[in-house]
Amino acid sequence: MPRLNHVAIVVEDLEAALPFFRDLLGLPLARVAEVPAEQVRVAFFPMEGGEIELVQPTDPESGVAKFLARRGPGLHHICVEVEDLDGTLKRLKEAGVQLIHESPLVGSDGTRYAFIHPRSAFGVLVELYERASGS
């Protein structure tokens, strides 16, 4: 069964958003990390069944910055774990789903991922994750 990996919320200022999620909601902050490949800083809040990620763009020309400028802060994407990312992308493409990435990208931890365009997902940006073996 697929698993929700995370819900990502785009914010203008990560430092300003942290106190709400960490202090007022009481969510445990696992870490804050730069993700140069995506031009963002991310705060990770693990929870049962997945995590919440706060995402701040680090480059005004990045896709996340353009999203923030167009839509404002709020829900950026949901991420679903799949067992076979290549097979899933092939099936989606054959069904006419618009993909942002037709081939998986690889994160620094070996996780493979790709995004589905919101036009094909009822207005929601969807990320698909395939965990690296052994994680």
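The following refers to the structure shown. (Residues numbered from 1 in each chain as written. Predicted model: local features only at pLDDT ≥ 70, side-chain atom pairs only at ≥ 80, totals over all residues. Heavy atoms only, no water.)

## Re the environment of E127
- Counting through the fold element by element, E127 comes out in strand β8 (residues 125–130).
- What makes E127 buried here is its relative accessible area of 5%.
- For E127 and H101, which are 26 residues apart along the polypeptide, the C-alpha to C-alpha distance reads 9.8 Å.
- Beyond its immediate sequence surroundings of up to four residues, E127 is in contact with H6, H77, I78, C79, V80, Y113, A114 and F115.
- A polar side-chain atom of E127 sits 3.2 Å from a polar atom in the side chain of H6. (Helix = DSSP H or I, 4+ residues; strand = E, 2+ residues; numbered from the N terminus. Buried < 20%, exposed > 50% of the residue type's maximum accessible area, 1.4 Å probe, protein only. Contact = heavy atoms within 4.5 Å. Polar contact = N/O pair within 3.5 Å; in protein donor to acceptor, adjacent residues only side chain to side chain.)

## Quick notes on the pairing of β8
- Across the six residues that make up β8, a large majority, six, are buried.
- Side chains L125, E127 and Y129 project from β8 onto one buried face, and the interleaved V126, L128 and E130 project onto a second face that is buried too.
- Pairing analysis gives five bridges linking strand β7 (residues 112–116) to β8, with the strands arranged antiparallel. Counted as the bridge partner of A114 is L128 from β8. (Pairing = 2+ DSSP bridges.)

## Thoughts on the pattern of salt bridges
- What the rule picks out here adds up to nine salt bridges.
- Note that R131 and E81 form a salt bridge whose closest N and O atoms lie 3.1 Å from each other. With R131 in the segment after β8 and E81 in strand β5 (residues 74–81), the pair connects residues that are 50 residues apart, well separated along the chain.
- Given the relative accessible area of 39%, R131 is considered partly exposed.
- Put simply, D86 and R112 hold a salt bridge, and the shortest N to O gap is 2.9 Å. You can see D86 sitting in helix α3 (residues 85–94) and its partner R112 sitting in strand β7, a full 26 residues away along the chain.
- Residue classification places D86 among the partly exposed positions, given a relative accessible area of 41%.
- Taken together, the shared-partner salt bridges in this structure form one network comprising R3, E81 and R131. (Salt bridge = Lys/Arg side-chain N within 4 Å of Asp/Glu carboxyl O.)

## Quick word on helix α2 (residues 63–71)
- By the burial criterion, the buried members of α2 are V64, A65, F67 and L68. For α2, the angular spread of the buried residues around the axis is 160 degrees, confining them to a single face. Across α2 from its buried face, at more than 90 degrees, point the exposed residues G63, A69 and R70.
- Along its buried surface, α2 packs onto β1 (3–10), β3 (40–47), β4 (50–57) and β5.
- Immediately downstream of α2, the backbone of G72 shows phi near 80 degrees, a positive value. (Arc of directions from axis to C-beta.)

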